[in-house]
Amino acid sequence: MHFHRLLAYWGGAVFAAATFAQGVPEPDVARGEQLATQVCAACHAPDGNSVQPANPVLAGQHSEYTFKQLSNFKPQNGRPAERPNPIMAGMVANLTAEDMSSLAAYFQTQKPALRAARDADLVKLGQAIYRGGILSRNVAACTACHGPGGAGVPAQFPRIAGQFAEYTAAQLRAFRSGERANDPNRMMRAVAERLSDREIAAVAEYISGLR
């Protein structure tokens, strides 16, 4: 992706994130822990370290990002959910904004478990794309937004280090198809739509081993 386009993406995302963060209610971490045990533990584990590759790791995720995703699963003011998901729609249906903020703050305080990549060939390709992008197809390097170690930037870009490869690949495919479209300024869709299935698998595999 050309530098001026990347700057435009960055600027739009930073503005959107800053605006969104202003509306996040004050969290109650103790309340978040209670809700995590009661509502989230079956799929994500009490501390957010899911053991099921289809369910994302939430431990250590930036609270602003988790709050946004939880909010996006809920219909707002008569409009459909920005991130349609029947299971998550049911999970968040009875959560208030304060509940979601508290859950997000609690999961941010939890330490993510260390994971390792499994496929050396995929890791090699994934590392090249993650660090350098694909210039011939205007695919930006993942490091531009998520950092060299996958830590992300609070209130702007999510932490992705150590995420299950299966989950990451599924989300990239969803962005590519347009099934998932809650990314600011089409940032993730613009990247994913230029990646093949193997390239998606490679990037996801590399990310799973970041820490």
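So, a few notes on the structure that sits alongside this text. (Residues numbered from 1 in each chain as written. Predicted model: local features only at pLDDT ≥ 70, side-chain atom pairs only at ≥ 80, totals over all residues. Heavy atoms only, no water.)

What to know about helix 2 (residues 29-44)
Under the convention used in this document: Starting at the N terminus, helices and strands are each numbered in turn, a helix being any DSSP run of H or I of at least four residues and a strand any DSSP run of E of at least two. Expected span, for any helix, means 1.5 Å times one less than how many residues it has. Here the bend at a residue means the angle between the axes of two seven-residue stretches, the one that ends at it and the one that starts at it. Here the term buried applies to any residue with accessible area under 20% of the maximum for its type, exposed to any over 50%, and partly exposed to those in between, with areas from a 1.4 Å probe on protein chains only. We call two residues contacting when some pair of their heavy atoms lies within 4.5 Å. Side-chain atoms alone can form a polar contact between residues adjacent in sequence; in general such a contact is a pair of N or O atoms within 3.5 Å, and within protein one must be able to donate a hydrogen while the other accepts it.
In a regular helix each residue adds 1.5 Å, so 16 residues correspond to 22 Å; helix 2 covers only 17 Å between its end C-alpha atoms and thus falls short of that length. The largest bend in helix 2 comes to about 50 degrees, at Q38. Every buried residue of helix 2 is accounted for by G32, L35, A36, C40 and H44. Residues of helix 2 that are buried sit in contact with helix 5 (97-109). Taking the backbone nitrogen of A30 as reference, a side-chain oxygen 3.1 Å away marks D28 as the first, capping residue of helix 2. Just downstream of helix 2 lies A45, where phi reads positive at about 70 degrees.

Digging into the pattern of salt bridges
Short version of the rule: Between Lys or Arg on one side and Asp or Glu on the other, a salt bridge is scored when a side-chain nitrogen of the former is within 4 Å of a carboxyl oxygen of the latter.
One pass over the full model with this rule turns up 6 salt bridges. A salt bridge links R137 to E199; its shortest N-O distance comes to 2.6 Å. With R137 in the loop between helix 6 (120-132) and helix 7 (143-146) and E199 in helix 10 (residues 197-208), this pair connects stretches of sequence that are 62 residues apart. Overall, R137 belongs to the partly exposed group, its relative accessible area being 35%.

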